[in-house]
Amino acid sequence: MSPRPDPPEVDRVAASKAAVAARRARAAVKQDVSSRRRTALDVATTAWNDTETPEGGLRVRELLTSIPGLGPARADRTLERLGISPRKRLGGLGVRQRERLGEFLEARDTPAPARLTVLAGPTAVGKGTVSGYIREHYPDVLLSVSATTRKPRPGEIDGVHYYFVSDEEFDRKIANNELLEWAVVHNSYRYGTPRPPIDAALAAGRRVLLEIDLQGARSVRRAMPDALLVFLLPPTWEELVRRLTGRGTEDAEEQQRRLDTARVELAAQNEFDARVVNTEVSEAAREVVELMDAPVSARTYSPMAPPERAATPPIEEH
Ligand code: 5GP
């Protein structure tokens, strides 16, 4: 067979112009998804109705990474779970792959009902730092401000970090049924979640985050079975000890008491809906907010940290 002749120059120019136009059209589709002008499901449906459209030529991975809040790592995990190669284009997916991707996108597009999320975890794991980061960087999430009978630490502001109240005031709140839950933490002070701001925020469709201890998380589960319970883990037990002793705000006896509590608390992680490892604060905060954002049905896909991380919790003690 004689080799195929090169296409004439005019054809090559036309083809390269067409390729540039197609790339631009795909970029516009991605832009529409990332700015929420179109849903990813709408793009996929268009692609499957006509595979010759720009949507049909879009790689699935590019579609996923255009979805607000879905980063490259999560996109790759999703593709793996759905059994789709990262190089596949929407138009080239098989029937089963289309079904699985369609279900995933539909669940993702359905806004989650406003829901209460509880962030708990062992003492000194960094719950306060992660929730503080969320307060600063995700202002649409209402971070509940607890009432406590303990005294403020340096830098803590009444009404921002806690409502610092007397024992009598705390008794009054309990009597008036103003607390969603309350507990004595570390055998010393009382901490409680004021109910009215939470009821109001949920009714207004706002997401609410509670950063409370394990007893509190269990009480919330009983009071509100729909709440999402997230457990924050330290990267290792040694790191937890380092963080606890490094804080230097408690005396040795208090530190020992908190370590004892932490040991018991770590053992409770399996009661939770999801676990997040606090290696890096901004990343842990992002994961928590992503979990809050995920529609209920999508949470069953991957509510937890990736298996290799969720499996590493560090309960080994030395
Ligand atoms: P800290 O005194 O270090 O601020 O907090 C001590 C512990 O109290 C932390 O584990 C924190 O999660 C928990 N805590 C804070 N607010 C509440 C609350 O409203 N209810 C419960 N049950 N625990 C809380």
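Owing to the predicted nature of the structure, the values given are computational and were not obtained by experimental measurement. (Residues numbered from 1 in each chain as written. Predicted model: local features only at pLDDT ≥ 70, side-chain atom pairs only at ≥ 80, totals over all residues. Heavy atoms only, no water.)

## A look at the overall build of the protein
Defined as follows: Secondary structure elements are defined from DSSP: runs of H or I of at least 4 residues count as helices, runs of E of at least 2 residues count as strands, and each element is numbered from the N terminus. Working definition: with a 1.4 Å probe on protein chains only, accessible area under 20% of the residue-type maximum means buried, over 50% means exposed, and in between means partly exposed. The contact criterion used is simple: two residues touch if any of their non-hydrogen atoms lie within 4.5 Å. In short, Shrake-Rupley with a 1.4 Å probe defines the accessible areas, and a residue's cover is counted only from the protein chains shown.
What the protein contains, in helices and strands, is 14 helices and nine strands. Out of the 318 residues in the protein, the part that is buried amounts to 44%. For the protein, the proportion of contacts with a sequence separation of at least 24, taken over those separated by at least 6, is 68%. By element, 53% of the accessible surface of the protein is carried by carbon and sulfur atoms, the whole surface being about 16,600 Å².

## A short note on the environment of Thr236
The test is simple: What qualifies as a polar contact is a pair of N or O atoms within 3.5 Å, subject to a donor-acceptor requirement within protein and to the restriction that residues adjacent in sequence count only when both atoms come from side chains.
Here Thr236 shows up in the loop between strand S8 (228-233) and helix H10 (237-247). From its side chain, Thr236 meets the backbone nitrogen of Glu239 in a polar contact 3.0 Å long.

## Considering unusual backbone geometry
Positive phi, close to 70°, is recorded for Ala124, a residue that is not glycine. Following the sequence through the fold, Ala124 ends up in the loop between strand S1 (116-120) and helix H6 (127-137). Residue classification places Ala124 among the buried residues on the basis of a relative accessible area of 12%. The backbone of Asn177 sits at a positive phi, close to 60°, despite the residue not being glycine. Inspection of the secondary structure assignment puts Asn177 in the loop between helix H7 (167-175) and strand S5 (179-185).

## Observations regarding the site of the ligand
Worth spelling out the cut-off: Proximity is defined per residue: if any heavy atom of the residue lies within 4 Å of a molecule or strand, that residue is considered near it.
Neighbouring residues of the ligand: 16 residues in total, closest Lys127, Ser146, Arg150, Tyr162 and Tyr191. Contact distances for the ligand include 2.7 Å between an oxygen atom and a side-chain N or O atom of Ser146. Within the side chain of Tyr191, an N or O atom sits 2.4 Å from an oxygen atom of the ligand. Protein chains bury 94% of the 510 Å² of accessible surface belonging to the ligand in isolation. Contributions of two or more residues to the shell around the ligand are made by S5 and strand S6 (189-194).

## Quick word on the pairing of S6
Convention followed: When DSSP locates at least two bridges between a pair of strands, those strands are taken to pair.
A large share of S6 lies buried, amounting to five of its six residues. Pairing of strand S3 (residues 146-148) with S6 involves two bridges; the strand directions are antiparallel. Within S6, the residue paired with Ala147 across the bridge is Gly192. Linking two consecutive strands that pair antiparallel, namely S5 and S6, is a turn of three residues; a positive phi of about 55° is found at His186 within it.

## A look at the sheet that holds S6
Put simply, the test is: Geometry is summarised by axes, namely lines fitted to C-alpha atoms with helices restricted to the contacting stretch, and by angles between N-to-C directions that run from 0 to 180 degrees.
Spatial ordering of the open sheet is given by S4-S3-S6-S5, a layout of four strands whose pairing is mixed. Both outer strands of the open sheet, strand S4 (162-164) and S5, are each paired with one neighbouring strand and no more. When strand polarity is set aside, the average angle formed by the axes of neighbouring strands in this sheet is 25°. Here three bridges tie S3 to S4, and the two strands are oriented parallel to one another. Within the sheet, the bridge partner assigned to Thr148 lies in S4 and is Phe164. Most of the contacts of H7 go to S6, to which it runs at about 40°, and overall it touches S3, S5 and S6. Across the sheet, helix H8 (residues 195-203) lies against S5 and S6, angled at about 30° from S6, the strand it touches most.

## Topic: the packing of aromatic side chains
Just so we agree on the cut-off: Pairing of aromatic rings covers Phe, Tyr and the six-membered ring of Trp, with a centre-to-centre limit of 6.5 Å; geometry is then stacked below 30 degrees between planes, edge-to-face above 60, and tilted otherwise. Distance and angle both matter: a charge sits over a ring if NZ of Lys or CZ of Arg is within 6 Å of the ring centre and within 35 degrees of the ring normal.
If you walk through the whole model with that rule in mind, you get four aromatic pairs. On the basis of an interplanar angle of 75° and a centroid distance of 6.0 Å, the ring pair of Phe170 and Trp182 is categorised as edge-to-face. Note that Phe170 is positioned in helix H7 and Trp182 in strand S5, a separation of twelve residues in sequence. Given a relative accessible area of 37%, Trp182 falls into the partly exposed group. An aromatic cluster of at least three residues, connected via ring pairs, comprises Tyr162, Phe164 and Tyr191. Residue placement shows Arg190 over the ring face of Trp182; its charged tip is 5.9 Å from the ring centre.

## Side note on the nonpolar core
A general feature of soluble globular proteins is that nonpolar side chains tend to end up buried together. Our working rule: Nonpolar cores were defined as sets of buried Ala, Val, Leu, Ile, Met, Phe, Trp, Tyr and Cys residues, with membership established by side-chain atoms within 4.5 Å.
Counting residues in hydrophobic clusters, the biggest one holds 45 residues, and the most contacted among them are Leu116 and Leu210. Within the second largest apolar cluster, 22 residues are counted, among which are Val43, Leu79, Leu82 and Phe104.

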